[in-house]
Amino acid sequence: MHSASSLPVASPTPALTAAISPLLGQSLDQLTAWVAAQGQPAYRGKQLHQWIYEKGVHSLGDITVFSKAWRADIAAVPVGRSQLHLRSKAPDGTIKYLLRLHDGLIIEAVGIPTAKRLTVCVSSQVGCPMACDFCATGKGGFLRNLDTHEIVDQVLTVQQDFGQRVSNIVFMGMGEPLLNTDSVVAAIRCLNQDVGIGQRNMTLSTVGIPGHIRRLAEQHLQVTLAVSLHASNQAQREQLIPSARQYRLEALLAECQDYVATTGRRVSFEYILLAGLNDRPEHAAELAHHVGGFQSHVNLIPYNPISEVDYQRPSDVQIQDFMEELQRRNVAVSVRYSRGLEKDAACGQLRATQIAPPMDSQIPS
Ligand code: SAH
């Protein structure tokens, strides 16, 4: 994915590396301040920004518009890019990437091309602590939050690999974004301002953490909020989503209503259809009752199978019936068929299947 620097790598002075977070994720102003601190003129900041975000360099040593002497000085300052660990392409063109982070941990990102769009499904955490029963990520537990640059990196990696601008981003990969709100919000702002992707083309999906949807609303972003509802009543939601025990459905819906009031954006509700479990007409009626009161949209997601549990995906006829039941009750609804099913790249199928190899081993890329 990237070429190694051919320049000698000098050890940067402690002053240069101490407290230096990776440069990826930083704004033009921050990068300009960074170059100025090293006695460089302001236009170098603009060049740095362009080489990081547009050209996608992995090493500062590769920025050929900089003098050789300065490049040698800064070559070891981290840009903050991941390494490609594995790339696999599904017959429908969806590509799943396993990316190796600086500490050897592996995350997944997915690139989903359609006629006019290139969507990236990004991870916000390594693993996930929510342990939803139908989700592969939750089965592997939680390791850590991702930093801002590790989120932005996923988008740049997909953009560079496809050789095409990313148009849409969905925070629907590994992890619960609202348990990592600061980094996720910083990544949204960076992807918007520095990479040039419209906030309205971004969707943040959450299972809901008490108080955190309200906190997100205070950021006044223009992203779409998607809430993983998956059940039409409290008891059933608790069966599927352990954290629902600490978060009543009414409280979750009240926060969603506040989100609409504060941002003016409608909320999208995700509802995985599990055959015989939550796909009956009475569930559609309950669901319509909950979401009918405010600006919202329901996204039905036919269950994507994972090996640990034996839920079933309903038939196309059952899916259609459920959708029509909602439409009869004036609910705006659509069905989302996941792409990349053949490669375990569909919603809910992302997991860190690969154990991270030691840092010095050979990585196929
Ligand atoms: N933690 C966040 C984002 C990650 S999951 C959330 O829960 O929303 C992204 C979407 O994929 C969610 O709607 C999630 O519920 C859904 N999903 C998880 N497992 C799935 C499965 N096996 N089949 C279909 N969708 C699934």
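Check the entry above for the structure.
All residue numbers refer to position in the chain's written sequence, counted from 1. The model is predicted, so local features are restricted to residues of pLDDT at least 70 and side-chain atom pairs to those at 80 or more, both for listing and for counting; the totals for chains, interfaces and linings are taken over all residues. Excluded from the side-chain calculations are hydrogens and water; all other atoms, namely the structure's heavy atoms, are used.

(A) Representation of the site of the ligand. Surveying the vicinity of the ligand reveals 20 residues, the closest of which are Phe134, Ser205, Ser228, His230 and Asn304. By the criterion applied in these results, polar contacts are pairs of N or O atoms within 3.5 Å in which, for protein atoms, one can donate a hydrogen and the other can accept it, and in which residues neighboring in sequence qualify only through two side-chain atoms. Note that an oxygen atom of the ligand is positioned 3.4 Å from one of the backbone N or O atoms of Thr206. His230 has a polar side-chain atom sitting 2.5 Å from an oxygen atom of the ligand. To measure how exposed things are, a 1.4 Å probe is used in the Shrake-Rupley method; for residues, cover is taken only from the protein chains shown. Considering the ligand on its own, with 530 Å² of exposed area, one finds that the protein chains cover 96% of that surface. Of all the secondary structure elements, the ones that give two or more residues to the shell around the ligand are strand S8 (202–206) and strand S10 (267–273). Here a residue counts as near a molecule or strand whenever at least one of its heavy atoms sits within 4 Å of it. To qualify as a helix, a DSSP run of H or I must reach at least 4 residues; to qualify as a strand, a run of E must reach at least 2; elements of each kind are numbered from the N terminus.

(B) Representation of unusual backbone geometry. The phi torsion at His220 lies on the positive side, around 50 degrees, for a residue other than glycine. The topology assignment puts His220 in the loop between helix H8 (212–217) and strand S9 (224–228). In this structure, Asn330 takes a positive phi of about 60 degrees despite not being glycine. Mapping Asn330 onto the fold places it in the loop between helix H12 (316–328) and strand S12 (333–335).

(C) View of the sheet that holds strand S4 (residues 118–121). Here the rule is simple: two strands pair whenever DSSP picks up at least two bridges between them. Strands sit in the order S1-S2-S3-S4-S7-S8-S9-S10-S11-S12 across an open sheet of 10 strands; the sheet is mixed. Each end of this open sheet is capped by a strand with a single partner; those strands are strand S1 (83–89) and S12. Looking at each pair of strands side by side, their axes are set apart by 20 degrees on average, direction ignored. When strand S2 (residues 95–100) meets strand S3 (residues 106–113), the two strands line up antiparallel, connected through 6 bridges. Opposite Leu99, over in S3, you have Ile107 as the bridge partner. Comment: axis = line fitted to C-alpha atoms, over the contacting stretch for helices; angle = value between 0 and 180 degrees taken between N-to-C directions.

(D) Seen up close, the pairing of S4. Accessibility here uses a 1.4 Å probe with only protein chains present; expressed as a share of the type maximum, an area under 20% marks a residue as buried, one over 50% as exposed, and anything in between as partly exposed. Neither face of S4 is open: one carries Leu118 and Val120, the other Thr119 and Cys121, and all of them are buried. Hairpin connection, S3 to S4: the antiparallel pair is bridged by 4 residues. Bridge analysis of S4 against strand S7 (residues 168–171) gives 3 bridges, and the strand direction is parallel. For Cys121, the partnering residue across the bridge sits in S7 and is Val170.

(E) Expanded view of the packing of helix H2 (residues 28–36) against helix H3 (residues 43–53). Viewed as axis vectors pointing N to C, H2 and H3 meet at an angle of 125 degrees, and their least axial separation amounts to 8 Å. When the interaxial angle is binned, H2 and H3 end up oblique. H2 and H3 meet at a crossing whose hand is right-handed. Residues Leu28, Leu31, Thr32, Trp34 and Val35 of H2 form the contact with H3, whose own contacting residues are Arg44, Gly45, Lys46, Leu48, His49, Ile52 and Tyr53. Angular relationships are summarised with four words: roughly parallel below 35 degrees, roughly antiparallel beyond 145, roughly perpendicular across 65 to 115, and oblique for the angles in between. Crossing handedness is read from the near helix: turned anticlockwise from the far helix by less than a right angle, it gives a left-handed crossing, and turned clockwise, a right-handed one. Two residues qualify as a contact provided that any one of their heavy atoms is within 4.5 Å of a heavy atom in the partner residue.

(F) Highlighting the environment of Arg87. With respect to the secondary-structure elements, Arg87 resides in strand S1. Linking Arg87 and Leu98, residues 11 residues apart in sequence, is a C-alpha distance of 6.3 Å. With near-sequence residues (within four places) excluded, Arg87 lies in contact with Ile95, Lys96, Tyr97 and Asp161. In this structure the side chain of Arg87 is engaged in a polar contact, spanning 2.8 Å, whose partner is the side chain of Asp161.

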